[in-house]
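As a plain string of letters, each chain reads:
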Amino acid sequence: MGRIVLDTSATIDDLLEIMRKRRSCRLFEPDPVPEEMITNILEAGRWAPSGCSSEPWEFIVVRDAERRRRFSEIYSQQRKFSEERDAGPEGFPWPDLSYLFNVPVFIVVAGDRRLNRTYPMLYYRYDIYQQSMAACIQNMFLAAAAQGLGATWLSMGRHFEQELLALFEIPPGYRIETILAIGWPDLRREVRERRPLAEIVHYESFDPSRARSEAAASARVTATRGVRRLDREISGETPSTLGFGDKPLEKLGYTVESIEDRGKR
Ligand SMILES: Cc1cc2nc3c(=O)[nH]c(=O)nc-3n(C[C@H](O)[C@H](O)[C@H](O)COP(=O)(O)O)c2cc1C
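This text gives an overview of the structure that appears in the document. Computed from a predicted structure; not experimentally measured.

Remarks on the nonpolar core
Turning to step 1, where the next piece is worked out: Membership of the largest hydrophobic core comes to 42 residues, with the highest contact counts inside it found for Phe-106, Val-109, Met-140 and Ile-182.
Turning to step 2, where the next piece is worked out: The set of elements that each furnish at least two residues to this core consists of helix H2 (35-46), strand E2 (57-62), helix H3 (65-85), strand E3 (105-112), helix H4 (125-146), strand E4 (150-155) and strand E5 (174-185).
Turning to step 3, where the next piece is worked out: Here the element with the most residues in this core is H4; it accounts for 11 residues.
Turning to step 4, where the next piece is worked out: Excluding residues that lie within four positions of it along the chain, Ile-182 makes contacts with Val-33, Ile-41, Val-105, Ile-107, Ala-144, Leu-149 and Ala-151.

Remarks on the environment of Gly-51
Turning to step 1, where the next piece is worked out: Of note, Gly-51 is situated in the loop between H2 and E2.
Turning to step 2, where the next piece is worked out: Sequence separation between Gly-51 and Met-133 is 82 residues; the distance between their C-alpha atoms is 9.6 Å.
Turning to step 3, where the next piece is worked out: Beyond its immediate sequence surroundings of up to four residues, Gly-51 is in contact with Thr-118, Tyr-119, Ile-128, Tyr-129 and Ser-132.

What to know about the packing of helix H1 (residues 12-21) against H4
Turning to step 1, where the next piece is worked out: At their nearest, the axes of H1 and H4 sit 9 Å apart, and the two run at 95° to each other. Considering the angle they form, H1 stands roughly perpendicular to H4. For the pair H1 and H4, the contacting residues are Ile-18, Met-19 and Lys-21 in the first and Leu-142, Ala-145 and Ala-146 in the second.
Turning to step 2, where the next piece is worked out: Partitioning the contact of H1 with H4 into residue classes produces five nonpolar, no polar and one charged.

Cut-off values and rules
Numbering of residues starts from 1 in each chain and follows the order in which that chain's sequence is written. Residue-level local features of this predicted model are given only where pLDDT is at least 70; pairs of side-chain atoms are given and counted only at 80 or more, and the full residue set underlies all totals for whole chains, interfaces and linings. We define the nonpolar core as any set of buried residues of the types Ala, Val, Leu, Ile, Met, Phe, Trp, Tyr and Cys, connected via C-beta atoms lying within 7 Å of each other. Note on burial: count the other C-beta atoms lying within 10 Å of the residue's C-beta; 20 or more is buried, 12 or fewer is exposed, in between is partly exposed, and C-beta positions come from the backbone. Note on conventions: DSSP H or I runs of at least 4 residues are helices, E runs of at least 2 residues are strands, and numbering of each starts at the N terminus. We call two residues in contact if the C-beta atoms placed from their backbones are at most 7 Å apart. Axes, fitted as lines to C-alpha atoms, cover a helix only where it is in contact. Angles between the N-to-C directions of the axes lie from 0 to 180 degrees. Each angle receives one of four descriptions, namely roughly parallel if under 35 degrees, roughly antiparallel if over 145, roughly perpendicular if within 65 to 115, and oblique otherwise. Amino acids are sorted into nonpolar (Ala, Val, Leu, Ile, Met, Phe, Trp, Tyr, Cys and Pro), charged (Asp, Glu, Lys and Arg) and polar (every other residue, Gly among them).

Okay, here's the thing in structure tokens:
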């Protein structure tokens with residue numbers, strides 16, 4: 001019997017390159033994004049795997065200026081809550097959310113949580129729903145990167161959820177899982193390393209010498225927040241003391257191209 005192979009001209013190198021070069025973008029230029037690029041992102045979401053093929057997602061494309069402004073206003077309010085509750089030198093490293101007002105398109109990724117009844121009762125059904133939604137969002141994130149677009153994965157918070165459900169006229173039964181901000185990155189995106197494979201991969205069973213203690217887990221949280229704080233400076237999200245200009249763009253995997261050229265890719 002012959003082997004069954006996936007019939008595609010895309011290579012694993014293409015895929016890994018896009019995955020490695022994708023970055024969360026928190027600084028955008030206001031230029032419009034062609035409709036077909038947005039359709040490609042939606043198409044990528046549509047093809048995500050989902051538990052039992054439940055496809056629990058719905059996408060709302062938001063281009064209207066007033067709705068975008070209102071969203072940015074409501075979403076920015078979370079910073080105030082964070083400043084009250086998760087502040088201090090080790091507090092959450094919020095980006096300056098004023099960049100949201102410059103984002104030309106948002107895609108609201110909503111989900112029907114009731115569909116978790118599709119999954120076997122034996123399972124953690126809500127986890128499967130969440131993982132399905134995450135797979136969908138990641139597909140969309142990658143499709144944005146593959147077209148040279150920047151995107152941010154904007155998490156939801158309970159303090160402003162009701163207002164956003166109303167803003168986007170989302171009917172009962174559905175929840176907003178994430179909102180994707182999409183646009184042209186201004187190229188000063190952050191550089192972020194990943195933990196090396198040797199640190200995260202275990203063979204056959206979990207290597208006990210690498211199990212984190214509670215104290216080590218807490219230290220990791222603190223360190224991660226610290227690194228993210230540094231990232232904000234490198235990317236230009238906050239006024240930089242590091243001088244991003246010193247880092248050649250090509251080293252970061254970017255080339256500068258004109259806005260006219262971008263639409264042609
Ligand atoms: C589940 C999830 C939630 C996230 N929520 C936010 C968010 O609310 N705001 C934000 O700016 N970035 C958010 N991010 C982006 C992460 O901060 C980002 O992926 C991480 O710092 C790694 O950077 P990179 O995406 O540039 O590789 C989220 C990412 C994931 C996977």
